[in-house]
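Tertiary structure, described
The primary structure of each chain is shown beneath.
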Amino acid sequence: MTPVFRFAPSPNGRLHLGHAYAAMRDYDLCRRAGGRFLLRIEDIDPERSRPQFEAAILDDLAWLGLVWEEPVMRQSERMDAYRAALDRLRELGLLYPAFMSRKEIAEATAGPGWPRDPDGAPHYPPRDRDLPAAEVEHRLAEGARPALRLRMDRAVAEAGDLHWIEGGADSNGTDERRTADPAAWGDVILARRDVPTSYHLAVVVDDAYQGVTHVVRGRDLLHATSVHVLLQHLLGLPRPHYHHHRLIVDATGAKLSKSARDTTLADLRADGATPAEIRDMVGL
Ligand code: GLU
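Here goes a summary of the coordinates provided. (Residues numbered from 1 in each chain as written. Predicted model: local features only at pLDDT ≥ 70, side-chain atom pairs only at ≥ 80, totals over all residues. Heavy atoms only, no water.)

Attention now moves to the site of the ligand. Every residue lining the ligand is accounted for by R6, A8, S10, E42, Y199, V203, R217 and L221. At 2.7 Å from a nitrogen atom of the ligand is found a main-chain nitrogen or oxygen belonging to A8. R217 places a side-chain nitrogen or oxygen 2.9 Å from an oxygen atom of the ligand. Considered class by class, the residues forming the shell around the ligand number four nonpolar, one polar and three charged. (Near = heavy atom within 4 Å. Polar contact = N/O pair within 3.5 Å; in protein donor to acceptor, adjacent residues only side chain to side chain. Nonpolar A, V, L, I, M, F, W, Y, C, P; charged D, E, K, R; others polar.)

This is the structure we're talking about:
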């Protein structure tokens, strides 16, 4: 089976050196594995996504030397698929509408010892987990727009022990079996108030839809993989191999700031940098 890799940028700004490293690392591993390379634009956030950023990202990636299959997938065009996944989780009794505002969450979780997720955000309070159906209907009739959250305790109980293969794409390293700990995230959000999906849901649904076999991405998403393998299990989707690479922003970003240059590829290109020099800068 031909391996399938993907790069999945969010069109929220220009690419910087950290993205360049991520894209080239991904692409190198794909080519070494003789894989297919796909691009996915993660534009579920209507507030932050801009078509001009998408165009600029494609231009930067092509300049770096990446070649991908057409058509490029856009998550904004995939809402029906996310709704179908939400329906399935709802049928399994694993979703609930979450009404608390950011302010209410902050107040309810302010005390010492409130559990926090691996990104440092407080777990969602249990308040909405078992609202009576009549109360939910009443709030909806009043115009409340809830988010949808996963009943993590039930989901974890249903799934049992889950693992993933880390490092599968990295020919320099050996594969490791990692144990998932999705409960560390609490009741994760699966659909936002304004969009019928979330990062976690969309990435899992789309990796499966695109037949992705190798997910290469930054270490900042290592812990999120626990949620992803749980959702794959619940939705009956195949599990790719994962490779979480080092992050570039701090080390090289700091070095470059000494020369008072921005680290966006746009600036570096305008300054006459070549793709080979970019590779050098990020240690590839
Ligand atoms: N869209 C995410 C980002 O820009 C990447 C998601 C992923 O690779 O799973 O950071």
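Here we come to the sheet that holds strand 8 (residues 189-191). Spatial strand order, 4-5-8: three strands in an open sheet with antiparallel pairing. Each having just a single partner strand, strand 4 (95-98) and strand 8 make up the two edges of the open sheet. Averaged over neighbouring strand pairs, the angle between their axes works out to 45 degrees when direction is ignored. The pairing of strand 4 with strand 5 (residues 147-150) spans four bridges and is classified as antiparallel. Pairing of P97 across the sheet is with L148, part of strand 5. (Pairing = 2+ DSSP bridges. Helix = DSSP H or I, 4+ residues; strand = E, 2+ residues; numbered from the N terminus. Axes fitted to C-alpha atoms, helices over the stretch in contact; angles between N-to-C directions.)

In this section: the packing of aromatic side chains. This model, assessed by the stated rule, comprises three aromatic pairs. Between the aromatic rings of W164 and Y242, the centroid separation amounts to 6.5 Å while the plane-to-plane angle is 75 degrees, which identifies the pairing as edge-to-face. Within this pair, whereas W164 is found in strand 6 (residues 163-166), its partner Y242 is found in strand 10 (residues 241-245), the two being separated by 78 residues in sequence. Its relative accessible area of 5% is what places W164 among the buried residues. Taking relative accessible area as the criterion, Y242 reaches 1% and is therefore assigned buried. The positively charged end of R78 is found above the aromatic ring belonging to Y209, 3.8 Å away from the centroid. In this structure, R139 is placed above the aromatic ring of F99, and the distance from its NZ or CZ to the ring centre is 5.0 Å. (Phe/Tyr/Trp six-rings, centres within 6.5 Å; stacked < 30°, edge-to-face > 60°. Buried < 20%, exposed > 50% of the residue type's maximum accessible area, 1.4 Å probe, protein only. Lys NZ or Arg CZ within 6 Å of the ring centre and 35° of its normal.)

Okay, the pairing of strand 10 next. Judged by how many residues are buried, strand 10 sits mostly within the fold: four of five residues are covered. Of the strand pairs in this sheet, strand 9 (residues 214-218) and strand 10 are connected by five bridges, and their pairing is parallel. Bridge pairing in strand 10 places R217 opposite H244. Following the chain from strand 9 across helix 8 (residues 224-235) to the adjacent parallel strand 10, one finds a crossover that is right-handed. (Right-handed = clockwise from strand over helix to strand, strands pointing away.)

Let's shift gears to the nonpolar core. Residues L89, L150, L190, L201 and L230 are the most contacted members of the largest nonpolar core, which totals 39 residues. Of all the elements in the fold, those that place two or more residues in this core are helix 3 (79-91), strand 5, helix 6 (152-159), strand 8, helix 7 (199-209) and helix 8. The element contributing the most residues to this core is helix 8, with seven residues. Those residues in contact with L190 that lie beyond four places of it in its chain are L86, L89, L95, L148, R149, L150, T197, S198, H200, L201 and L231. Ranked by size, the runner-up nonpolar core spans 28 residues in total, among them F5, L39, L66 and V282. (Core = buried A, V, L, I, M, F, W, Y, C linked by side-chain atoms within 4.5 Å. Contact = heavy atoms within 4.5 Å.)

Right, let's talk about helix 8 for a bit. Helix length check: helix 8, at 12 residues, gives a terminal C-alpha distance of 17 Å against a target of 16 Å (1.5 Å per residue), a fit within 8%. Extensive coverage of helix 8 is indicated by the burial of 11 of its 12 residues. Where helix 8 is concerned, the buried positions are A224, T225, S226, V227, H228, V229, L230, L231, Q232, L234 and L235. Looking at the residues trailing helix 8, positive phi occurs at G236, about 70 degrees. (Expected span 1.5 Å × (residues − 1).)

What is shown is where atoms sit, not what they do.
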